[in-house]
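Chain by chain, the residues run as shown.
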Amino acid sequence: IEPRDGIKSLIGNAIDPAIFFKRNYPTAGLVRIIQAATARLRGESATGVILLRQAMGGGKTHSQIAAGLVAKNPPLLKKYFPEITAPTGPAEVVALDGRAKFKNGTWGEVARQLGDKSTFAHLYQGQLEAPSPEEWTELLMGKKALILIDELRPYLIDHAAGIPVGS
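Note that the coordinates shown come from a computational prediction; the quantities given were computed from them, not determined experimentally.

Novice: Please clarify how the packing of helix α3 (residues 28-41) against helix α4 (residues 60-72) should be interpreted in this entry.
Specialist: Pairs of packed helices are described in terms of their axes, by the angle between the two and the distance that separates them. Two numbers describe how α3 lies on α4: the axes approach to 10 Å, and their chain directions differ by 40°. Comparing their axes, α4 and α3 come out oblique. When you trace α3 past α4, the crossing you get is right-handed. From α3, Leu30, Ile33, Ile34 and Leu41 reach across to α4, where they touch Ser63, Ala66, Ala67, Val70 and Ala71.

Novice: What should I look at first to understand unusual backbone geometry in this one?
Specialist: Most of the time, phi is negative for any residue but glycine, and the peptide bond is trans. You will see that Asn13, though not glycine, has its phi angle at about 50°, which is positive. Summarising the element assignment, Asn13 is placed in the loop between α1 (8-11) and α2 (17-23).

Novice: In this structure, what is going on with the side chain of Glu135? I would like to understand it.
Specialist: Structurally, Glu135 can be placed in helix α7 (residues 133-140). Within polar-contact distance, the side chain of Glu135 engages the backbone nitrogen of Ser132 at 2.6 Å.

Novice: Can you help me understand the pairing of strand β1 (residues 92-97) in this one?
Specialist: Residues in a regular strand point their side chains to alternate faces of the sheet. Burial runs high along β1: five of the six residues are buried. With six bridges connecting them, β1 and strand β2 (residues 145-150) associate as parallel partners. Bridge pairing in β2 links Glu92 to Ala145.

Novice: When you look at the nonpolar core in this model, what are you seeing that I'm missing?
Specialist: Among soluble globular proteins, nonpolar side chains are generally buried collectively. Formed by 25 residues in total, the largest nonpolar core has its most connected members in Phe21, Ile34, Leu69 and Phe81. When residues of this core are traced back to their parent elements, those giving at least two are α2, α3, α4, α5 (75-80), β1 and β2. The element contributing the most residues to this core is α4, with six residues. Beyond its immediate sequence surroundings of up to four residues, Ile34 is in contact with Ala66, Ala67, Val70, Leu77, Phe81 and Ile84. Within the second largest apolar cluster, nine residues are counted, among which are Val94, Phe120, Tyr124 and Leu139.

Novice: What is the right way to look at α3 in this model?
Specialist: Because an α-helix packs 3.6 residues into every turn, residues spaced three or four apart end up facing the same way. Relative to the 20 Å expected for 14 residues at 1.5 Å per residue, α3 spans 20 Å between its end C-alpha atoms, a close match to the ideal helical length. Within α3, burial applies to Leu30, Val31, Ile33, Ile34, Ala37, Thr38, Ala39 and Leu41. At its buried positions, α3 is contacted by α4, α5 and β2. Phi turns positive one or two residues past the end of α3, at Gly43, with a value near 80°.

What counts, and where the lines are drawn
Residues numbered from 1 in each chain as written. Predicted model: local features only at pLDDT ≥ 70, side-chain atom pairs only at ≥ 80, totals over all residues. Heavy atoms only, no water. Axes fitted to C-alpha atoms, helices over the stretch in contact; angles between N-to-C directions. Helix = DSSP H or I, 4+ residues; strand = E, 2+ residues; numbered from the N terminus. Parallel < 35°, antiparallel > 145°, perpendicular 65-115°, else oblique. Left-handed = near helix turned anticlockwise from the far one by under 90°. Contact = heavy atoms within 4.5 Å. Polar contact = N/O pair within 3.5 Å; in protein donor to acceptor, adjacent residues only side chain to side chain. Buried < 20%, exposed > 50% of the residue type's maximum accessible area, 1.4 Å probe, protein only. Pairing = 2+ DSSP bridges. Core = buried A, V, L, I, M, F, W, Y, C linked by side-chain atoms within 4.5 Å. Expected span 1.5 Å × (residues − 1).

In structure tokens:
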């Protein structure tokens, strides 16, 4: 019921939306995030990345959880954000915690959560590699997806920077 494990609770369906939204006030910033995400999911916005920058404890994870909950279940918008037009149908939601290590790397985990291990499979053979733009297109083609990455800084410092490439 509680998002104790941060963003991972969203994927595990461990958050009761009624309790979550009862305990979290919809600030103007949260409403803007939900508006931006749903506009993209409706195909009405070219904005594909939303960077949340706030002080520690500033609600970044809660904002991502809220966006994920309404993306997975658009009828929640009518109840908690009636001023926002819902996309048609739910989106696939991928949620990553940058502090976690994934067997097939971060991008492999994105593919796994989207139910497509094959598109990026060659990238986890030997040294992990990043997908090309064409591979991302192949993975995401025909999907309506919201990809949430929490704790990006630890990922970049602890995981990505620690993988040697070349000499």
